[in-house]
Amino acid sequence: MADESDHTDGARDDGVREMSRGRRLAALRGSERVLSDNPFARTIGERLAGLTAEAPGAYDLDGWLDVYGDGIVAHLEARTAELLGMEAAAFFPTGTMAQQVALRCWAGRTGNDAVALHPLSHLEKHERKAYMVLGGLRPVHPTDEPRTPTAEEIRELDEPFGTLALELPLREPGFVLPTWEELTEVVEAARERDAVVHFDGARLWECAPHFGVGLADIAALADSVYVSFYKSLDGIAGAALAGPASMIEEAKAWRHRYGGQVSQQWPTVLSALAGLDRELPRLPSYVAHAKIVAKALGEAFAAAGVPWFRINPGVPHTHQFQVWLPYPPEVLEEAGVRLAEETRTTLFNRWFPGEIPGLSVTEVTVASSALSWTADDVGAAAGALLDRVTAGG
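Remember, predicted model here, so these are calculated numbers, not experimental data. Sequence order as written defines the numbering, with residues in each chain counted from 1. Where local features are concerned, this predicted model is filtered to residues with pLDDT of at least 70; where side-chain atom pairs are given and counted, the filter is 80 or more; whole-chain, interface and lining totals use all residues. Heavy atoms from the whole structure form the basis of all side-chain values; hydrogens and water molecules are not counted.

**Q** Whenever I open this one, the sheet that holds strand β7 (residues 224-228) confuses me. Can you help?
**A** Sheets are built from strands that pair by backbone hydrogen bonding, the pairs being arranged parallel or antiparallel. One open sheet accounts for 7 strands, arranged β2-β8-β7-β6-β5-β3-β4; its pairing is mixed. Of all strands in the sheet, those with a lone pairing partner are β2 (88-92) and β4 (138-140), marking the two edges. Ignoring strand direction, the axes of neighbouring strands in this sheet form an average angle of 25 degrees. One bridge is not enough; two strands pair if DSSP finds at least two bridges between them. Strands here mean DSSP runs of E at least two residues long; helices mean DSSP runs of H or I at least four residues long; both are numbered from the N terminus. Sheet analysis places strand β3 (residues 114-116) next to β4, joined by 3 bridges and oriented parallel. Counted as the bridge partner of A114 is R138 from β4. We call two residues in contact when some of their heavy atoms are within 4.5 Å. Axis lines are fitted to C-alpha atoms, over the contacting stretch for helices. Their N-to-C directions set the angle, which ranges from 0 to 180 degrees. Docked against the sheet, helix α11 (residues 245-257) engages β2, β7 and β8 (239-243), running at close to 15 degrees with respect to β2.

Okay, structure coming up:
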């Protein structure tokens, strides 16, 4: 599924015309209450002002400008490695670059170009298969079920593979996670196959409450971990790859070859450090509140007699989950924008066509703006949205 950063205005992939981005963002920015916020609904000036306000607490601004990673970048790399309990980390401008470099490094070290991964993973769905096209690697799919593969499925793969790549959480089926026992078992199964393990942990930061362990405990299961600084931490952009020191040194060489050795990255890195300070401690509260929000939405839809709906997963594993409703995306978006314009309340963000005609899906992200919402607030807003959906239909 795409999000705000994946689509531009105009014709959607299915040919449906969208309302103007300006109207949507104006409605959102005019709202006094926002359940699922849009991190891109800010002006350049606002973003710069926010970064300037947070910067003094994130890093010494009297230090010299970073040049090719010799200052603030190195500081972020060291902090990331420490948080994840890894020997070293390398900063990358994008997660796509970090992922393909990681898999390329492991393929060279294992001597096996096969990567076991889920067909719904980010590597397959949202990176234009860079690991295949640029890295010359090939996929092996342990399962096509909408979940992390099981240990038994890993053991039963009918050909050797050098790397098992696990996306935590698996976004496409609803930001789903295995249990801690299931995760440890699938990693053990990969080890039995003499494979290394790489975690696509773009959203790893918010997984700790579900597993009931710390970030370093999760990362310790893998040989390498990629994390993002903008998906959950509200950074401008950027990612890090963490792992053994020798592997990270090799990854830095590939980073240079792939064009990721940028001369100055201090604004992006500064926003990442600010996000670690501000958002990382808050994520457990977001995850806990997402469960309240999801339950309230389900109860509101049932009380309103919606003919079919789904909250997926029913009890969210992280602070993000899916909502499915039986109405066209343009109807739901129009109703949502009118709700915001008329009541200054924004409930959901973008809607997209589901795989089954007549169904639409949105992703809900519970963050700071949602913490003040009670279950009753959620139910009332959902009812008001549905009133506008049926009135418009």
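Here the narrative resumes, following the displayed structure.
**Q** In this structure, what is going on with a negative patch on the surface? I would like to understand it.
**A** The grouping of E181, E182, E185 and E188 at the surface amounts to a negative patch. Within the element layout of this structure, E185 appears in helix α8 (residues 180-192). Patches here: salt-bridge-free residues with over 30% relative accessible area, like charges joined within 9 Å, nonpolar side chains (Val, Leu, Ile, Met, Phe, Trp, Tyr) joined within 5 Å. Here, Shrake-Rupley sampling with a 1.4 Å probe gives the accessible areas, and only protein chains in the shown set may cover a residue. Put simply, a salt bridge is a Lys or Arg side-chain nitrogen that is within 4 Å of an Asp or Glu carboxyl oxygen. In this count, Lys and Arg are taken as positive residues and Asp and Glu as negative ones, while His and the chain termini are left out. Where a charge lies is defined by one atom per residue type, namely NZ (Lys), CZ (Arg), CG (Asp) and CD (Glu).

**Q** Is there a simple way to explain the UniProt feature "domain: Aromatic amino acid beta-eliminating lyase/threonine aldolase" (unreviewed entry) in the protein in this structure?
**A** UniProt records the feature "domain: Aromatic amino acid beta-eliminating lyase/threonine aldolase" (unreviewed entry) for residues 69-297 in the present numbering. Helix makes up 46% of residues 69-297 and strand 14%, with an end-to-end C-alpha separation of 46 Å. UniProt positions are given in the numbering used here, feature names are shortened, and annotations may be inferred rather than shown by experiment.

**Q** Explain helix α2 (residues 44-58) here, please?
**A** The periodicity of an α-helix, 3.6 residues per turn, causes residues three or four positions apart to be oriented the same way. Taking 1.5 Å of rise per residue, the 15 residues of α2 would be expected to cover 21 Å, and the 20 Å separating its terminal C-alpha atoms lies within 8% of that figure. Take the seven residues that end at a residue and the seven that start at it, fit an axis to each, and the angle between those axes is the bend at that residue. Most pronounced at T52, the bend in α2 amounts to some 30 degrees, and the proline P56 follows within four residues. Each residue is placed in one exposure class: buried if its accessible area under a 1.4 Å probe, protein chains only, is under 20% of its type's maximum, exposed if it is over 50%, and partly exposed if it falls in between. Within α2, the full set of buried residues consists of L51, A55 and A58. Tucked into the core, α2 has its buried residues touching α12 (266-278). Helix span is expected to be 1.5 Å times the residue number reduced by one.

**Q** What exactly am I supposed to notice about the sheet that holds strand β13 (residues 360-365) here?
**A** Taken in spatial order, the 4 strands of this open sheet run β9-β10-β13-β12, and their pairing is antiparallel. Two strands lie at the open edges of the sheet, namely β9 (310-312) and β12 (352-353), each paired on one side alone. Here β9 runs beside strand β10 (residues 320-325); their pairing, made up of 3 bridges, is antiparallel. Directly across from I311, in β10, lies its bridge partner V323. Each of β9 and β10 is contacted by helix α13 (residues 283-303), which is oriented at about 10 degrees to β10, the strand it contacts most.

**Q** Please explain empty space enclosed by the protein as it appears in this structure.
**A** Gaps left between atoms show up when a probe the size of a water molecule is rolled over them. Space inside and on the surface of the protein is sampled on a 1 Å grid over the protein atoms alone, with a cavity defined as a set of points where a 1.4 Å probe fits but cannot get out and a pocket as an open set with protein on both sides within 12 Å along at least 5 of 7 lines; lining residues have an atom within 4 Å of a point. Grid points are joined across faces, edges and corners, and a volume is the space filled by probe spheres set on the points. Per the stated rule, a full pass over the model turns up 3 cavities of 30 Å³ or more. One number sums up the size of the largest cavity: a volume of about 230 Å³. For the lining of the largest cavity, the elements supplying multiple residues, two or more each, are α1 (21-29), α14 (329-343) and β11 (345-346). By residue number, the principal contributor to the lining of the largest cavity is α14, which donates 6 residues. Classes in brief: Ala, Val, Leu, Ile, Met, Phe, Trp, Tyr, Cys and Pro nonpolar; Asp, Glu, Lys and Arg charged; the others, Gly included, polar. The class makeup of the residues in the lining of the largest cavity is 10 nonpolar, 6 polar and 3 charged.

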